[in-house]
Amino acid sequence: DNTAPTYSDLSVEIITLEDGSLALQITGFVNSDSGDYNYGIFYFKVAGNPEAPELYLYSGNSESELNYNSDYDSIYNSETGAFTAFKRISTDNISGIYYLQSYNMYDDNSNSTYQSIDGGSDTPLLDLSIEIDNPDAVLDNTAPTYSDLSVEIITLEDGSLALQITGFVNSDSGDYNYGIF
């Protein structure tokens with residue numbers, strides 16, 4: 001078998017989980033000649049905000065029941081090809097229109113399908129877009145800063161010299177990653 005699986009009849013919706021939080025859910029069908037679907041991943045981006053964290057959904061080949069108490073899950077019916085996948089919307093996911101930017105899918109024979117687009121909500125891949133209103137989103141658009149910097153030349157154990165910079169990182173959210181001097 002060298003035919004990659006495909007999706008059809010895809011739709012997305014916002015659902016409310018048992019604890020009251022919101023999740024993005026995708027449903028559809030997997031078309032596979034051999035029925036050997038393994039998994040797929042859907043990547044949704046926020047229109048007009050390329051820096052915002054994307055929302056991705058994983059669709060596996062598990063035939064167990066969906067666990068809506070988890071952060072994400074999926075179910076697949078190998079007889080019909082029907083699948084459902086969801087992912088809880090976190091505080092990282094800002095409000096806005098999310099559009100399908102890309103997806104990939106694989107079968108057990110290493111066949112794969114990948115498709116992506118450039119653009120925004122007016123050109124979503126496979127016409128899949130949805131508005132998410134997330135009042136719990138944490139909007140952090142303040143970059144960290146440095147203070148009390150000092151520079152000195154130090155001697156390393158092997159006798160070579162190095163430049164040492166010390167100071168403080170000021171970050172409201174505590175999400176400092178790294179800096180380059």
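Our structure's up above, just so we're on the same page.
I will try to describe carefully the structure that is included in this document. Everything numeric here is computed off the predicted structure, so don't read it as measured data.

What to know about the overall build of the protein
Here comes step 1: Check the secondary structure of the protein and you find zero helices and eleven strands.
Here comes step 2: Listed N to C, the secondary structure of the protein is β-β-β-β-β-β-β-β-β-β-β in terms of helices and strands.
Here comes step 3: If you line up the protein on its principal axes, its C-alpha atoms span 70 × 40 × 35 Å.
Here comes step 4: The burial tally for the protein puts 33% of its 181 residues in the buried class.
Here comes step 5: Within the protein, contacts between residues separated by at least 24 positions form 55% of all contacts whose residues are at least 6 apart in sequence.
Here comes step 6: Carbon and sulfur atoms make up 45% of the accessible area of the protein, which totals about 11,000 Å².

So, the packing of aromatic side chains
Here comes step 1: According to the stated counting rule, one finds twelve aromatic pairs in the structure shown.
Here comes step 2: Consider the rings of Tyr7 and Phe83, whose centres lie 5.3 Å apart with planes at 45°: the pair is tilted. Placement of Tyr7 in strand 1 (residues 6-16) and of Phe83 in strand 6 (residues 82-88) is noted, with a sequence separation of 76 residues between them.
Here comes step 3: For the ring pair Tyr7 and Tyr103, a centre distance of 5.6 Å and an interplane angle of 65° mean the geometry is edge-to-face. Residue Tyr7 is located in strand 1, and its partner Tyr103 is located in strand 7 (residues 96-107); the two are separated by 96 residues in the primary sequence. Of the two residues, Tyr7 and Tyr103, neither departs from the other in class, the shared state being buried.
Here comes step 4: Feature note: the residues Tyr7, Tyr37, Phe42, Tyr76, Phe83 and Tyr103 constitute an aromatic cluster, connected by ring pairs.
Here comes step 5: Looking at Lys87, its charged tip hangs above the ring of Tyr56, at a distance of 3.6 Å from the centre.

Some words on the environment of Ile75
Here comes step 1: Mapped onto the elements of the fold, Ile75 is located in strand 5 (residues 72-76).
Here comes step 2: Along the backbone, Ile75 and Asn61 are 14 residues apart, and their C-alpha atoms lie at a distance of 6.5 Å.
Here comes step 3: Sequence-distant contacts of Ile75, defined by excluding residues within four places in its chain, comprise Ser62, Glu63, Ser64, Glu65, Leu66, Ala82, Phe83 and Thr84.

Some words on the nonpolar core
As a rule of thumb, soluble globular proteins bury nonpolar side chains together.
Here comes step 1: If you look at the biggest cluster of nonpolar residues, it comprises 29 residues, and the most contacted ones within it are Tyr7, Ile26, Phe42, Phe44 and Phe83.
Here comes step 2: At the level of elements, strand 1, strand 2 (22-31), strand 3 (37-46), strand 4 (55-59), strand 6, strand 7 and strand 9 (129-132) are the ones that each hand at least two residues to this core.

A few points about the pattern of salt bridges
Here comes step 1: Considering all chains together, one arrives at two salt bridges under this definition.
Here comes step 2: One salt bridge connects Asp19 with Arg88, and the closest N-O pair in it is separated by 2.8 Å. Placement of Asp19 in the loop between strand 1 and strand 2 and of Arg88 in strand 6 is noted, with a sequence separation of 69 residues between them.
Here comes step 3: For Arg88, a relative accessible area of 15% gives the class buried.
Here comes step 4: For Arg88, the salt bridge identified is with Asp71, shortest N-O distance 2.9 Å.

Observations regarding the sheet that holds strand 2
Here comes step 1: Here four strands make up an open sheet; going across it, the order is 1-2-6-5 and the pairing antiparallel. Looking at the sheet topology across the chains shown, the edges are occupied by strand 1 and strand 5. Put simply, the sheet's adjacent strands are angled 15° from each other on average, direction ignored.
Here comes step 2: Two strands pair when backbone bridges link them, and strand 1 and strand 2 are joined in this way by nine bridges, in the antiparallel orientation. Pairing of Glu13 across the sheet is with Gln25, part of strand 2.

Conventions adopted
Residues numbered from 1 in each chain as written. Predicted model: local features only at pLDDT ≥ 70, side-chain atom pairs only at ≥ 80, totals over all residues. Heavy atoms only, no water. Helix = DSSP H or I, 4+ residues; strand = E, 2+ residues; numbered from the N terminus. Buried < 20%, exposed > 50% of the residue type's maximum accessible area, 1.4 Å probe, protein only. Contact = heavy atoms within 4.5 Å. Areas by Shrake-Rupley, 256 points an atom, 1.4 Å probe, with all protein chains shown as cover. Phe/Tyr/Trp six-rings, centres within 6.5 Å; stacked < 30°, edge-to-face > 60°. Lys NZ or Arg CZ within 6 Å of the ring centre and 35° of its normal. Core = buried A, V, L, I, M, F, W, Y, C linked by side-chain atoms within 4.5 Å. Salt bridge = Lys/Arg side-chain N within 4 Å of Asp/Glu carboxyl O. Pairing = 2+ DSSP bridges. Axes fitted to C-alpha atoms, helices over the stretch in contact; angles between N-to-C directions.

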